[in-house]
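What follows is the residue order along each chain.
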Amino acid sequence: MSERSRLRLVVLQVVVLSLLVTLLGRMWYVQVLATASYRSAAAENGTRQIVTPAARGMILDARGRPLARNRTALVVSISRTALLRQPDGGRQLVARVATVIGKPFAEVWDRTRLCGSPGAPPSPKCFNGSPYQPIPVTDEADTQMALQIMERREDFPGVTAELTAVREYPQPLGANAAHELGYLGPVTDEELAQRAAGARRGAHNETVLQRTDLVGRAGLEREYDDDLRGTPGVKTLAVDHRGAVNSTLAETQPTAGNYLVTTIDAQVQAEAEKQLRAAIKRARTVGDVNKGFEKRKADSGAVVVLDVRTGGVVAMASWPTYDPNIWVGGISTADYRSITSKKNNYPNQSRAFQGEFAPASTFKAVSLPAAVKAGYSLHASYDCPSAYPIGRSMKQNYESHGYGIIPMRRAIEVSCDTVFYKFAYETWLRQGGLHAKKGTKDPFTTMAQAYGLGRPTGLDLPSESNGRIADRAWKQAYWKATRDFYCAKAKSGYPAVARTDPARATYLRRLSKENCVDGWAYRGGDAANFAIGQGDTTVTPLQMARVYAAVANGGRLVTPHIGRAIMTPQGTLVRNLEPKTVRHIPVAPSTLAWLRSALRGVTERGTGFGPFARAQFPLGKVPVASKTGTGEVFGKQTTSWFASFAPETRPQYAVVMMVSQGGTGSGIAGPSVAELYKTLFGVQGSTVDLAKASPPGGRPTSALPRVRADGTVVQPAGDPSTAAETRQAAPFLPRYRREGE
Amino acid sequence: MSTGYRATPYTTAPPRRSARLLHRDGVVRRMDWPLVLAVLALTGIGSALVWSATRQSLLDSGGDPQSILKKHVLNIVIGLALGVVASLFDYRMLRAYAPVLYVLSIGGLAAVLTPLGSTINGSHSWIVLPAGFSVQPSEFAKVALVVGMSMLLAEKRDAEADPRDVDVVLALGVAAVPLALVMLQPDLGTALVISALVLGLVAVSGAPIRWVVGLVAGAALTAFVAVQAGVLKDYQIARFTAFLDPTADPKGAGYNVRQATIAIGAGGLHGQGLFHGAQTQGKFVPAQQTDFIFTVAGEELGFVGAAGVVLLLAIILWRIGRIAIGADDLFGRLVATGVLCWFAFQAFENIGMTLAIMPVTGVPLPFVSYGGSSMFANMLAVGLVLNVHMRRYA
């Protein structure tokens, strides 16, 4: 044996030693220096969370009637881990379950496939939840089915039948309120990621969403989602690599969501909806009493009843509407298409707070105080001709003819437009007309802003519309946006129109030219239109109701709201939702008092007289202040408005109704409003019984509903359905014990 | 009754068998006890780890939770018996039987490629026997190759002469056949172990340095060509490169590495306790009782226990190295050297892959992993090394 061999053997041993040292070094790093990160990776690996959803809180009306509650459904679920344990992947088990619940095997089998996994059917047939969540295969099981499953545990491993809460909109007394309640929808991937990121950042006020969660997608369900949803129960399980469960590491019970008490009174809501339908029907079938019973399209409408002191929405309805229950359990494609189609005129949109309409003469409640600001006396008389010259053209008095020289009060009662043309036009001229300095404060547009028009009222519902104040700034912005279009048209003309109607083409081209060159200008006609609520100015019916509430309550600009309070299912108050009003409209109390009295005059001897007289409404006992409006819309039939509040002496409610393409305010909306007031003040024939009013006493409900210790809500006495199921279902019901987990 | 008379071996009657064993020059005294004890300790720890790795899945499938442990202990006992047999006769006699062993092992490797062979874990390396037994001929081929190459490299020369080129060529030729057969299975891990063993043997045989350098260069070139020419299957390359970035494909090739390293890292300094490793008991690491047995040590026994395993391996390698240096002849030295290279590389590869510093190739951890063939081959190899040790100066 050579020395060379021996030497190389020594080298070999050194190499081996270095290999071993390398291993030890790496082990030191992995096991000692970096162990924390590997531990967390292992923890993530080996645990799974099962979530028991919390029962969603009820939405109650002001007197405790449930507008949204939970129906209990007997839900049969199959645990996916139990399926995996079966030798045949669970086919036989699923077949047994399918037989018991009376559904075809293929449907149930598809339901147990995870969406996106190989061989899974497309959504919604597959299961969109977590692989560790029991998969619900039916929510229509009956007790008989449940017993079959629960008593033969050995035949149904991992299958459970338990009572689960399913959302339901019971529509008490027929109150639909679909646009206010909103609906629930499945959570999206973005929301899941967003909430999870929030939780990591430590935003504890937001609950982490689970894939199977339903979240509020519109209306109150969305606005108060966090309050209503509650906290889900979480069970942390130790699992192996296949997801089979080894043990339970931690468990927290779900906490039911809180109740939302609203300002809505289901009785008034139901009556408001009924009267709105009646107005639509009247316009379509009977016709406008003031226009020789001319029939109208009446494509849509809205009604709002506000508590003038707090801004609480006692009722708010929009037409066309839909059954909110179509959203429960996932809306069908056909239903969704039907409520979002142009053919049905978009029933999913609320005209009350999302629809924008020219307010017409109801706007005089805004322009009268503005005229006072501009220096016109309330106690003087003015000429009310049938037309008023603005520049080179004559502007007509729309709803009324010439009345001669009349006192201001009479101008309001007969809704004289020409008087307001005069106020606005003269003011416009005084301010410099077309050449007014930049930043000139027009009293009319300023007053509209002070009344909160042109921006959302702050209603606690999503997607409220702004409305629009068509003032100088708006015209400027609009011109900038449309200038290019009109200038191009001014150049090219209207060759297509010219072929058939050369005169019209010439007219359109001249219009385009005008718009191109000085479309920015706030003309005298614009100012005159503005004063009578015509032109480009639009409001939502809710904004108008708020205007009349401000007139009624002495100048406070209330924030309309539906949420009244959040209560626990045990009945303790969590927080009050009444917003504080801090803004006042800049109108002297004497002016408002004059205006209230003048509006009362409208009902007693002006344009509002007809509907109340025909309804034989005892105005002597309940004096109503009102203003009609008939809005002209280019290319459409007129918008019927009726804005009001009552009693004029001690105002409680502001009621506004609008019917698009409905006809005149007094002919179409007015009669319905008169009927609605009968409900609000307990009018029967010529007698007024405030005890029979709804809500009782002829004033909005102020006390919160009473919740019993078991979570049931005390219902108003005398309701036709006193036996109403008001139980908050899930947390109090006995549950079948879930086994095999 | 001391008379000053002292009995000598020359005057007394031949001692009885037990006395002969315990005699100063007897087998027991000449045994390398640190090596034997380290091997026994390692098999003991290995048994505990195999038990922990298999208990839960056996429970889940409703079987006897100790059934694999029992088979493992049986393997150890049989292995020890084989080791004793391998150490009893004079290893020099083995030179005569080397060709027989070699041909037998080639036959076994070839049989794997016939319909007799079966595929387990992606390697077509097994011959399944009746009654639930299976044999992995490549394990035994390592023993045969060590003996065969040592014979060729140590043959035909006196103590002064190093192997001539022709001897090296012959030895490499002998190694090439089993290497090729193993590659055909394909069993990349065993092929790498054989390569390491061949390189070590050629180097320590005293062959000209150009052969050592040439072999290293040749190995590098082969690897390059194999990857370029597509000789390796995609999954082999994927497995091989997964260790470079285990997170690249956590559910595919990188999954094993990722889960193995998580298990070891989660063990920390002191471990989570035997039977209490969440990763192990949750069966997140695949092939955990065989190729990934070290992860059980890492997770449940912690750095302390895992380092203990490495230390026992170090003792075994140190003693084998000592025996190689102290061997009487080149054949004995080369046998010990071959076993040293085999164990060292296989242990480094096995542990290194669980720590994500070596590619994933399926080789068992000597004396620890579950598996009869590997246990028997390891024991035979240790028996031969002890044989070399005990026959010094004899």
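What follows deals with the overall build of chain A. On a plain count of helices and strands, chain A comes out with 25 helices and 23 strands. Long-range pairs, those at least 24 residues apart, make up 73% of the contacts in chain A between residues at least 6 apart in sequence.

Moving on, we come to the environment of A:Ala387. Residue and element names in this part refer to chain A. Within the secondary structure, alanine 387 sits in strand E14 (residues 387-390). A residue is classified by how many C-beta atoms lie within 10 Å of it, and alanine 387, with 15 of them, is partly exposed. Taking the C-alpha atoms as reference points, alanine 387 and aspartate 417, 30 residues apart in sequence, are found 8.8 Å from one another. Residues within four places of alanine 387 in sequence aside, it is in contact with Met394, Lys395, Gln396, Asn397 and Thr418.

Moving on, we get to the environment of A:Tyr336. Residue and element names in this part refer to chain A. Take tyrosine 336: it is sitting in helix H12 (residues 333-340). Classification of tyrosine 336 by C-beta neighbours within 10 Å gives partly exposed; the count is 14. Sequence spacing of tyrosine 336 and isoleucine 326 is ten residues, and the spatial spacing of their C-alpha atoms is 8.6 Å.

What follows deals with the nonpolar core. Ranked by size, the top nonpolar core spans 137 residues in total, and within it A:Val304, A:Ala424, A:Tyr548, A:Ala654, A:Met657 and A:Tyr677 carry the most contacts. Examining the composition of this core, we find that nine residues originate from one element, helix H21 (residues 541-553) of chain A, more than from any other. Once residues within four sequence positions are removed from consideration, A:Val304 is found in contact with A:Val313, A:Met316, A:Ala352, A:Pro541, A:Leu542, A:Ala545 and A:Val656. Ranked by size, the runner-up nonpolar core spans 125 residues in total, among them A:Leu23, B:Ile76, B:Ala263 and B:Val309.

Per-residue confidence for chain A averages 86 on the pLDDT scale, and 92% of its residues sit at or above 70. In the predicted structure, residues 722-741 of chain A sits below a pLDDT of 50 and forms 52 contacts with residues beyond four places in sequence or in another chain.

In this section: the packing of helix H13 (residues 293-325) of chain B against helix H14 (residues 330-354) of chain B. Residues and elements named next belong to chain B. Between H13 and H14, whose axes approach to 9 Å, the crossing angle comes to 165°. The angle between H13 and H14 places the two elements in the roughly antiparallel class. Along this stretch, H13 crosses H14, giving a crossing that reads as left-handed. Counting all contacts with H13, which are made through Phe294, Thr295, Leu313, Ile316, Leu317, Ile320, Gly321, Ile323 and Ala324, the residues of H14 involved are Arg333, Ala336, Thr337, Val339, Leu340, Phe343, Ala344, Ala347, Asn350, Ile351 and Thr354. Taken together, the residues of the contact of H13 with H14 sort by class into 14 nonpolar, five polar and one charged.

Our next topic: the interface of chain A and chain B. Listed per partner, the contact involves 33 residues of chain A and 42 residues of chain B. At the level of elements, helix H1 (3-33), helix H2 (35-46) and strand E8 (233-239) of chain A are the ones that each hand at least two residues to the side of chain A that touches chain B. In terms of residues, the side of chain A that touches chain B owes the most to one element, H1(A), which gives 18 residues. Residue composition of the side of chain A that touches chain B, grouped by class: 18 nonpolar, nine polar and six charged.

This part is about the environment of A:His179. Inspection of the secondary structure puts A:His179 in helix H7 (residues 178-181). On the basis of neighbour count, A:His179 is assigned to the buried category, with 24 C-beta atoms found within 10 Å.

Our next topic: helix H5 (residues 94-113) of chain B. The terminal C-alpha atoms of H5(B), which comprises 20 residues, lie 28 Å apart, in line with the 28 Å expected from a rise of 1.5 Å per residue. If you check which residues of H5(B) are buried, you get B:Leu94, B:Ala98, B:Tyr102, B:Ser105, B:Gly108, B:Leu109 and B:Val112.

Another point: the sheet that holds strand E19 (residues 625-631) of chain A. Residue and element names in this part refer to chain A. If you trace the five strands from one edge of the open sheet to the other, you get E12-E11-E21-E20-E19, paired in antiparallel fashion. Two strands in the sheet have a free side with no partner beyond their single neighbour: strand E12 (313-319) and E19. Sheet twist, expressed as the mean angle between neighbouring strand axes with direction ignored, is 5°. The pairing of strand E11 (residues 300-307) with strand E21 (residues 653-660) spans eight bridges and is classified as antiparallel. Residue pairing for E21: valine 305 is matched across the bridge by valine 655. Of the strands in this sheet, E11, strand E20 (639-646) and E21 touch H21, which is tilted by about 150° from E21.

Reading guide: rules and limits
- Residues numbered from 1 in each chain as written.
- Chains lettered and ligands numbered in written order.
- Predicted model: local features only at pLDDT ≥ 70, side-chain atom pairs only at ≥ 80, totals over all residues.
- Helix = DSSP H or I, 4+ residues; strand = E, 2+ residues; numbered from the N terminus.
- Contact = placed C-beta atoms within 7 Å.
- Buried ≥ 20, exposed ≤ 12 C-beta atoms within 10 Å, placed from the backbone.
- Core = buried A, V, L, I, M, F, W, Y, C linked by C-beta atoms within 7 Å.
- pLDDT = per-residue confidence, 0-100.
- Axes fitted to C-alpha atoms, helices over the stretch in contact; angles between N-to-C directions.
- Parallel < 35°, antiparallel > 145°, perpendicular 65-115°, else oblique.
- Left-handed = near helix turned anticlockwise from the far one by under 90°.
- Nonpolar A, V, L, I, M, F, W, Y, C, P; charged D, E, K, R; others polar.
- Expected span 1.5 Å × (residues − 1).
- Pairing = 2+ DSSP bridges.

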